[in-house]
Amino acid sequence: MSKDYSKYEIEDFAFDESFQKWVLGENSGQPGFWEAYISENPHQTDKILAARFLVQELNSDENATELYTDLKQSIWGEIQNRVEPKKVTFWNRLSRWQIAASILLASVAVIGFYKLSATLGARDTLPKALAAQGKDRIFEEVNRTDNVLKIYLEDGSRVSLAKNSRLIYPKKFGSKERIVQLKGEAFFEVAKDASHPFLIYANETVTKVLGTSFRIRAFHADPSVVVSVTTGKVSVFAQKDLDQNAATGGVVLTANQQAEFTRNQQHFTKTLVDKPIVLPGEKNIQFDFNDTPLKQVFDSLQTAYGVEIIYNLELVENRTLRVNLGNESLYEKLNIVCNTMGMSYQIVDAKIIIETNSKPDS
């Protein structure tokens, strides 16, 4: 008989075995159930987020800081005092895990914010607009599993959090901007809202979007931050520039482009992603060329992948190509075309430059 989750409270979710396994990345026997439940029951989001936090906190001893461990031991001490035989009529009905969860539920905001501050090193390391939400309105998700952790934000945006990564976000976004902080790697699918820009703070960078999908890699130990765009358009800035209202040194990225921010030099390098994909709206483009003008060949590739291809008109004038291309990557297609036509290409500032292969005599 299936359970009725419609009346579940925070502790009900936290005590549910299937829910616990889902949070911890274990096989719950219900693949995809909780993702679908969250999508279909957005009114339960707050309770589910709080319950997820409870489960994670009670299973995170090996990752806790020394002070946080002391705090947990203090809680366990309180548990032991409460379960003395002559006073335990109610407490005996609960498991040790349930008692811990009940006590932790009462102090979840304090403990969560304590750990959040310890993780970041200091309270003021949070973006000001995020910190202004207040400690009891900030959530932290940490992925300690080998699987991608799906996080659903209150505006409908989705975040796929990679292993050993954490996302800090508010229970409810502010009236002007939607702000989160990333430590590690995540793929974002941001709900469109032109009046409320979405900002991701990651190490020394800020990525600003209105609605699109992209990936950010920003682990603390990495020398650079990499932002790769799948669809739409994003702007990436050095945080110091954005904070000073001097965001002129950032870069604008579109589909199949990425920016690498070198942290020690505070410098952006713009290029193409390793594996460009055909844009969603161009899936029907065919790459069967039968005596097709070379200009049309390059134009088709440019349209399909949304990547600018630059060439000298004299280089393609009165030239045609006969070749059938299919599932090859963009770079493989370019290699075939260029090798067939005696050309070469290079990538400069996220643009593909077509050149002749001929070299001057030495």
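Residues numbered from 1 in each chain as written. Predicted model: local features only at pLDDT ≥ 70, side-chain atom pairs only at ≥ 80, totals over all residues. Heavy atoms only, no water.

### A closer look at the sheet that holds strand β18 (residues 351-356)
Strands sit in the order β15-β18-β17 across an open sheet of three strands; the sheet is mixed. Two strands lie at the open edges of the sheet, namely β15 (309-310) and β17 (343-348), each paired on one side alone. Direction of pairing for β17 relative to β18: antiparallel, over a ladder of six bridges. Residue pairing across strands places Met343 opposite Thr356, the latter belonging to β18. (Pairing = 2+ DSSP bridges. Helix = DSSP H or I, 4+ residues; strand = E, 2+ residues; numbered from the N terminus.)

### Observations regarding the nonpolar core
Residues Leu167, Phe188 and Ile216 are the most contacted members of the largest nonpolar core, which totals 33 residues. Per-element accounting of this core gives the leading share, four residues, to strand β5 (residues 178-189). Excluding anything up to four places from it in sequence, Ile216 contacts Leu182, Gly184, Glu185, Ala186, Phe188, Ile200, Ala202, Thr207, Val225, Val226 and Val227. (Core = buried A, V, L, I, M, F, W, Y, C linked by side-chain atoms within 4.5 Å. Buried < 20%, exposed > 50% of the residue type's maximum accessible area, 1.4 Å probe, protein only. Contact = heavy atoms within 4.5 Å.)

### Focus: unusual backbone geometry
Phi is positive for Asp291, which is not a glycine, with a value near 55 degrees. Locating Asp291 in the fold gives a position in strand β14 (residues 288-293). With a relative accessible area of 41%, Asp291 lands in the partly exposed category. The backbone of Ala350 sits at a positive phi, close to 65 degrees, despite the residue not being glycine.

### Topic: the pairing of strand β8 (residues 213-218)
As judged from the six bridges shared by β5 and β8, these two strands associate in the antiparallel manner. Of the residues in β8, the one forming a bridge with Phe188 is Phe214. One ladder, built from five bridges, connects β8 with strand β9 (residues 224-231); its direction is antiparallel. Paired with Arg217 across the two strands is Val226, which belongs to β9.

### Some remarks on the confidence of the model for the chain
Per-residue confidence for the chain gives a mean pLDDT of 80, with 76% of residues at or over 70. Confidence, expressed as mean pLDDT per element, reaches its minimum in the chain at helix α7 (residues 108-120) with 46 and its maximum at strand β3 (residues 158-161) with 96. Under a pLDDT of 50 for its full length, residues 85-91 has, in the predicted model, six contacts with residues more than four places off or in other chains. A low-confidence stretch, residues 109-124 (pLDDT under 50), is modelled with 34 contacts involving residues beyond four sequence positions or located in other chains. (pLDDT = per-residue confidence, 0-100.)

### Re the environment of Asp12
Looking at where Asp12 falls in the secondary structure, it is placed in helix α1 (residues 10-15). The class for Asp12 is partly exposed, based on a relative accessible area of 30%. Residues Asp12 and Ala51, 39 residues apart in the sequence, show an inter-C-alpha distance of 8.2 Å.

### Considerations on the pattern of salt bridges
Applying the stated criterion across every chain, the model contains 14 salt bridges. Residue Arg217 pairs with Glu185 through a salt bridge whose shortest N-O separation is 2.9 Å. In this pair, Arg217 sits in strand β8 while Glu185 sits in strand β5, placing the two residues 32 residues apart along the sequence. According to the relative accessible area criterion, Glu185 is buried, its value standing at 15%. Salt-bridge contacts for Lys351 lead to Asp349; the nearest nitrogen and oxygen are separated by 3.6 Å. We classify Lys351 as partly exposed; its relative accessible area is 25%. (Salt bridge = Lys/Arg side-chain N within 4 Å of Asp/Glu carboxyl O.)

### With respect to the packing of aromatic side chains
Geometrically, a pair of aromatic rings is defined through the distance of the ring centres and the angle of the planes. What the rule picks out here adds up to 22 aromatic pairs. On the numbers, 5.1 Å between centres and 65 degrees between planes, the contact of Tyr8 with Phe13 is edge-to-face. You can call Tyr8 buried: its relative accessible area is 16%. With a centroid separation of 5.9 Å and 35 degrees between ring planes, the pair formed by Phe139 and Tyr169 is classed as tilted. One end of the pair, Phe139, is in strand β1 (residues 138-143); the other, Tyr169, is in strand β4 (residues 165-170), and 30 residues separate them in sequence. Each residue in the set Tyr5, Tyr8, Phe13, Phe19, Trp22, Phe33, Trp34 and Tyr37 is aromatic and connected to the rest through ring pairs, giving one cluster. The ring of Phe287 carries Lys333 above its face, with NZ or CZ at 4.7 Å from the centroid. (Phe/Tyr/Trp six-rings, centres within 6.5 Å; stacked < 30°, edge-to-face > 60°. Lys NZ or Arg CZ within 6 Å of the ring centre and 35° of its normal.)

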